[in-house]
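Chain by chain, the residues run as shown.
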Amino acid sequence: MSPVAAPPVLDLPPMDATVVVVGDVHLSPEHEEPASRFEAFLRRLPADVKTLVLLGDIFDYWVGRKQAADPFAARFLRALRDVAERGT
């Protein structure tokens, strides 16, 4: 018996906007290399990315209003604000 190919999907329009999904980054000051790489990733995010989805833990510790002033957390909150201001 030969395999049967799935029929093509014809009823979905192509996606206009690019979506990027990032999950469980677990940024921490103790691990600077991954933190720097994530920061560089945010800076280089292409202009055609209209949606950035952050799933799971971005930080390896709680970041609420009070922790947002922490220099390490503030660094990434600024980077994410910059991404939003560029239109993502």
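One numbering rule holds for all chains: residues counted from 1, following each sequence as written. The predicted origin of the model limits local features to residues at a pLDDT of at least 70 and limits the giving and counting of side-chain atom pairs to 80 or more, whereas totals for whole chains, interfaces and linings rest on all residues. Think of the side-chain values as coming from all heavy atoms in the structure, minus any hydrogens and water.

### Side note on the nonpolar core
Logical step 1: Counting 17 residues, the largest nonpolar core has L27, L42, L52, F59 and F76 as its most contacted members.
Logical step 2: Counting only elements with at least two residues in this core, the list comes to β1 (18-23), α1 (32-43), β2 (49-55) and α2 (71-85). The set of buried Ala, Val, Leu, Ile, Met, Phe, Trp, Tyr and Cys residues whose side-chain atoms join them within 4.5 Å is what this entry labels a nonpolar core. Residue exposure (1.4 Å probe, protein chains only): buried if accessible area is under 20% of the type maximum, exposed if over 50%, otherwise partly exposed. Here a strand is any run of E in DSSP of at least two residues, a helix any run of H or I of at least four, and the numbering for each starts at the N terminus.

### Notes on the packing of aromatic side chains
Logical step 1: Any Phe, Tyr or Trp ring, taking Trp's six-membered ring, that has another such ring centre within 6.5 Å forms a pair; planes under 30 degrees apart are called stacked, those over 60 apart edge-to-face, and the others tilted. Throughout the structure, instances matching the rule amount to five aromatic pairs.
Logical step 2: A network of ring pairs unites the aromatic residues F38, F41, F59, Y61, F72 and F76 as a single cluster.

### Digging into the pattern of salt bridges
Logical step 1: Salt bridges are defined by distance alone: a side-chain nitrogen of Lys or Arg within 4 Å of a carboxyl oxygen of Asp or Glu. Throughout the structure, instances matching the rule amount to two salt bridges.
Logical step 2: Here E32 makes a salt bridge to R75, at a shortest N to O gap of 2.9 Å. Of the two residues, E32 is situated in helix α1 and R75 in helix α2; the sequence distance between them amounts to 43 residues.
Logical step 3: A relative accessible area of 36% places E32 in the partly exposed class.
Logical step 4: For R75, a relative accessible area of 17% gives the class buried.
Logical step 5: The residue E39 makes a salt bridge to R75 at a minimum N-O spacing of 2.9 Å. One end of the pair, E39, is in helix α1; the other, R75, is in helix α2, with 36 residues separating them in the sequence. The pair E39 / R75 is uniform in exposure class, with both members buried.
Logical step 6: Linked by salt bridges that have partners in common, E32, E39 and R75 make up one network.

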